[in-house]
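In case you want the letters, here they are:
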Amino acid sequence: MNTLDFKSILAKSEFTSKDILEVLAKDEDVIIRAAVAQNPNTPKEVLEIFVKNEDFFVRGTVARNLNVPKEILEILAKDENRQVRVYVAENSNVPKEILEVLAKDEEYCVRESIALNPKSSKYILEIISKDKDSYVREAVAKNPKTSKKILEILAKDEIWEVRESIAENLNVPKEILEILAKDKTLEVRVSIAQNPNTPKEIFDNLSKDEDYYVRGSVAFNKITPKEILEILAKDKVWNVRAAVAKNQKTPKKILEILAKDEDPDIQRIASQNPNYES
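Residues numbered from 1 in each chain as written. Predicted model: local features only at pLDDT ≥ 70, side-chain atom pairs only at ≥ 80, totals over all residues. Heavy atoms only, no water.

**Q** What am I meant to see in helix H15 (residues 186–194) here?
**A** Spacing of three or four residues puts side chains on the same side of an α-helix, whose turn is 3.6 residues. Burial in H15 covers these residues: Val188, Arg189, Val190, Ser191, Ile192 and Ala193. Tucked into the core, H15 has its buried residues touching helix H13 (160–168), helix H14 (174–180), helix H16 (200–206) and helix H17 (212–220). (Buried < 20%, exposed > 50% of the residue type's maximum accessible area, 1.4 Å probe, protein only. Helix = DSSP H or I, 4+ residues; strand = E, 2+ residues; numbered from the N terminus. Contact = heavy atoms within 4.5 Å.)

**Q** Which parts of the structure should I look at to understand the packing of aromatic side chains?
**A** Inspection of every chain in the model, using the stated rule, returns two aromatic pairs. Judged by centre distance (4.7 Å) and plane angle (20°), the rings of Tyr212 and Tyr213 are stacked. In this structure, Arg64 packs its charged tip against the face of Tyr87, placed 4.7 Å from the ring centre. (Phe/Tyr/Trp six-rings, centres within 6.5 Å; stacked < 30°, edge-to-face > 60°. Lys NZ or Arg CZ within 6 Å of the ring centre and 35° of its normal.)

**Q** Just checking my understanding: could you explain the packing of helix H9 (residues 108–116) against helix H11 (residues 134–142) for this structure?
**A** Packed helices, taken two at a time, are described by their axes: the angle between them and the distance between them. Two elements in contact, H9 and H11, have axes separated by 8 Å at closest approach and are oriented at 10°. Compared by their axis directions, H9 and H11 come out roughly parallel. Side by side, H9 and H11 meet where Tyr108, Arg111, Glu112, Ala115 and Leu116 of the first sit next to Tyr135, Val136, Ala139, Val140 and Lys142 of the second. When its residues are assigned to classes, the contact of H9 with H11 shows seven nonpolar, no polar and three charged. (Axes fitted to C-alpha atoms, helices over the stretch in contact; angles between N-to-C directions. Parallel < 35°, antiparallel > 145°, perpendicular 65-115°, else oblique. Nonpolar A, V, L, I, M, F, W, Y, C, P; charged D, E, K, R; others polar.)

**Q** Would you mind showing me how to read the environment of Ala155 here?
**A** Position of Ala155 among the secondary structure elements: in the loop between helix H12 (148–154) and H13. Sequence separation between Ala155 and Leu177 is 22 residues; the distance between their C-alpha atoms is 9.2 Å. When near neighbours in sequence (up to four residues on either side) are disregarded, Ala155 contacts Arg163, Ile166, Ile176 and Leu180.

**Q** Hey, could you run me through a negative patch on the surface in this one?
**A** Together, Asp19, Glu22, Glu45 and Glu48 give the surface a local cluster of negative charge. Of all the secondary structure elements, the ones that give two or more residues to the negative patch are helix H2 (18–24) and helix H4 (44–50). Of note, Glu22 is situated in helix H2. The class of Glu22 is partly exposed, set by a relative accessible area of 34%. (Patch = residues over 30% accessible without salt bridge, like charges linked within 9 Å, V, L, I, M, F, W, Y side chains within 5 Å. Areas by Shrake-Rupley, 256 points an atom, 1.4 Å probe, with all protein chains shown as cover. Salt bridge = Lys/Arg side-chain N within 4 Å of Asp/Glu carboxyl O. Lys, Arg positive; Asp, Glu negative; His and termini not counted. Charge placed at Lys NZ, Arg CZ, Asp CG, Glu CD.)

**Q** What should I look at first to understand H9 in this one?
**A** Within the span of H9, buried status applies to Cys109, Val110, Arg111, Ser113, Ile114 and Ala115. Summarising the contacts, the buried residues of H9 are in contact with helix H7 (82–90), helix H8 (96–102), helix H10 (122–128) and H11.

Here you go:
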């Protein structure tokens with residue numbers, strides 16, 4: 001092991017003493033200093049010095065430290081480098097007052113990180129749900145803490161990626177899923193069909209979708225009811241039948257039917273399903 005590797009291990013270890021961390025904090029190698037900056041045991045005094053470091057990589061690493069004091073995060077939240085501010089916004093221990101400040105940041109990537117932070121309050125999410133940038137609204141739509149009221153509004157967003165993000169959210173109410181299941185955009189309906197929390201009654205409509213990508217997604221979802229899998233096992237499109245054959249929850253009875261499919265590849269896929277021999 002060379003000297004650099006040894007110092008790197010020391011800088012990252014939670015068992016390294018504060019005295020040694022203070023020494024490593026002055027190392028000429030930026031990687032070593034950054035490792036010290038991220039160590040949860042690094043003294044506040046050292047972190048305060050790092051905040052003034054000319055290398056944004058070091059300042060950014062301080063921002064990612066889960067034990068960094070509030071007053072240091074307040075300074076880094078105003079850093080000239082947007083990536084440093086992104087790291088502050090991503091910190092799961094950042095105080096809500098700082099999140100509220102960053103929610104108004106001029107850079108969309110900072111606001112996007114705020115929207116994805118599980119610490120963001122419903123109040124903050126409501127503010128940035130109206131953001132002019134669709135990437136930010138997408139992030140709000142993905143956040144499991146986003147309220148039903150906000151999701152209902154975003155479900156009507158003109159940008160389909162925002163609606164798709166809602167369809168992927170595991171905490172979306174049934175009423176909104178029912179609306180998105182009829183969305184004009186294919187990707188949105190596919191995401192509803194893939195969502196493991198989609199109510200079984202919605203699968204009934206999606207299994208009759210005109211696009212085989214949607215039907216195939218229903219066929220591969222592990223919570224799809226047996227009666228729907230039986231119907232999709234007779235679908236005219238190869239991809240849909242193959243999805244049923246690959247589904248780990250497809251009953252043996254249906255797999256036996258697919259094992260006699262006119263297509264040899266479907267036969268092979270069905271016979272290789274673990275449930276076929278059970």
